[in-house]
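Reading the structure
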Amino acid sequence: MTTVTIAPGPKNARTDPTTQLRYYGWQGRELPSVTSIRRMAGIPFGLHNWSITEVIDHVIDHAFIISDRLEGLNGKEPEAEAALIRHELRAAATAKRDAAGALGTAVHDAAASGKHLLEVDVELQPRLAQYLDWVKVSGAAIIAAEFQVFNLTVGYAGTVDLLVQQDIGEGGEHLGLVLGDGHVCRLPTWPVSLLPEQA
């Protein structure tokens, strides 16, 4: 039998400054986050190819400027410019992803704090509207939001966006966890213990 423990969070989370991996503390144990475990597995092949394409596109779009900088035609030291260009190319690999992530975080924060469409920036409104529409159309009753879960048997932890209850027809209901990617995972019939914060 597996027990899922739910506690408020993320007050007891920390990010290791060297590895950038997130850990959650529970009763004296440090447990890696699910996201950190997935990151350790490596980036998916498609995402890797996409990031390479972003660097290639950046070079092609800025080829003449990069060439001038490397030849010192902009009046600056070519070696120093080469170091800056390397930095810019590394940033080009993730710039769009980072911008999309920042937008996603802003929408997530707006949804988690219960904001209405007119309370957020215009760029957030369409995405927040999608979430609000999903809540309405799905009939999901939000039971809990932004809480930590710990699997002490396997040894990992994470923060769940939402715990919802939905009618699945014929008088049945199920509980589901709403994850950061928007998917609802149906929970098996595990005993769930709601505990006070013990961090």
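Rules used throughout
- Residues numbered from 1 in each chain as written.
- Predicted model: local features only at pLDDT ≥ 70, side-chain atom pairs only at ≥ 80, totals over all residues.
- Heavy atoms only, no water.
- Helix = DSSP H or I, 4+ residues; strand = E, 2+ residues; numbered from the N terminus.
- Buried < 20%, exposed > 50% of the residue type's maximum accessible area, 1.4 Å probe, protein only.
- Contact = heavy atoms within 4.5 Å.
- Patch = residues over 30% accessible without salt bridge, like charges linked within 9 Å, V, L, I, M, F, W, Y side chains within 5 Å.
- Areas by Shrake-Rupley, 256 points an atom, 1.4 Å probe, with all protein chains shown as cover.
- Salt bridge = Lys/Arg side-chain N within 4 Å of Asp/Glu carboxyl O.
- pLDDT = per-residue confidence, 0-100.
- Pairing = 2+ DSSP bridges.
- Axes fitted to C-alpha atoms, helices over the stretch in contact; angles between N-to-C directions.
- Expected span 1.5 Å × (residues − 1).
- Bend = angle between axes of the 7 residues up to and from the residue.
- Nonpolar A, V, L, I, M, F, W, Y, C, P; charged D, E, K, R; others polar.

Before going further, it helps to spend a moment on the overall build of the protein chain. When you go through the protein chain residue by residue, the secondary structure sums to 5 helices and 9 strands. Sequence-ordered secondary structure for the protein chain, helices as α and strands as β, is β-β-β-β-α-α-α-α-α-β-β-β-β-β. Burial statistics for the protein chain: of 199 residues in total, 23% are counted as buried. Restricting to contacts in the protein chain with at least 6 residues of sequence separation, those with at least 24 account for 42%.

Relative to the helices and strands, Ser 67 is located in helix α3 (residues 63-70). Under the relative-accessibility criterion, Ser 67 is labelled partly exposed at 29%. Linking Ser 67 and Pro 78, residues 11 residues apart in sequence, is a C-alpha distance of 9.9 Å.

Further remarks concern a nonpolar patch on the surface. Taken together, the side chains of Val 34, Ile 37, Val 154 and Tyr 156 present a nonpolar region at the surface, about 330 Å² in accessible area. Among the structural elements, Val 154 can be located in the loop between β5 (141-151) and β6 (156-169).

Before going further, it helps to examine the confidence of the model for the protein chain. Taken as a whole, the protein chain shows an average pLDDT of 79; of its residues, 78% reach a score of 70 or greater. Least confident of the elements in the protein chain is strand β9 (residues 192-194), whose mean pLDDT is 42; most confident is α3, at 94. In this model, residues 1-9 is a region of pLDDT below 50 whose contacts with residues beyond four sequence positions or in other chains number 36 contacts. Between residues 188-199, whose pLDDT stays under 50, and residues either more than four places distant or in other chains, the model counts 24 contacts.

Here 3 strands make up an open sheet; going across it, the order is β2-β3-β4 and the pairing antiparallel. Each edge of the sheet is formed by a strand with only one pairing partner; in this case those strands are β2 (13-15) and β4 (29-32). Geometrically, the sheet is characterised by an average inter-axis angle of 35° between neighbouring strands, direction not taken into account. Taken together, the 4 bridges between strand β3 (residues 22-26) and β4 define a ladder with antiparallel strand orientation. Looking at β4, one finds that Trp 26 is bridged to Arg 29.

Let us look at the pattern of salt bridges. Taken as a whole, this structure holds 6 salt bridges when the rule is applied. The partner of Glu 81 in a salt bridge is Arg 69, and the shortest N-O contact between them spans 2.5 Å. Pair noted here: Glu 81 is in helix α4 (residues 78-112) and Arg 69 is in helix α3, with a separation of 12 residues, a long-range link. The same class applies to Glu 81 and to Arg 69, which are both buried. Glu 88 serves as the salt-bridge partner of Arg 69, at 2.8 Å between the closest nitrogen and oxygen. Here the residue Arg 69 occupies a position in helix α3, and Glu 88 occupies one in helix α4, the gap between them amounting to 19 residues.

Structurally, His 58 can be placed in helix α2 (residues 45-61). Note: C-alpha distance between His 58 and Ala 93 (35 residues apart in sequence) is 8.8 Å. Ignoring sequence-local partners within four residues, the contact set of His 58 consists of Leu 89 and Ala 92.

Another aspect to go through is α4. Its 35 residues give α4 an end-to-end C-alpha distance of 48 Å, which sits within 8% of 51 Å, the value for a rise of 1.5 Å per residue. Largest kink in α4: about 50°, centred on Thr 94. Within the span of α4, buried status applies to Glu 81, Ala 82, Ile 85, Ala 92, Ala 93, Leu 103, Val 107 and Ala 110. The secondary structure elements touched by the buried residues of α4 are α2, α3 and α5 (125-138).

Attention shifts here to the packing of α3 against α4. At a minimum axis separation of 8 Å, α3 and α4 run at an interaxial angle of 145°. When α3 is examined against α4, the residues Ile 66, Arg 69 and Leu 70 are found in contact with a partner set consisting of Pro 78, Glu 81, Ala 82, Leu 84, Ile 85 and Glu 88. The residue inventory of the contact of α3 with α4, partitioned by class, reads 6 nonpolar, no polar and 3 charged.

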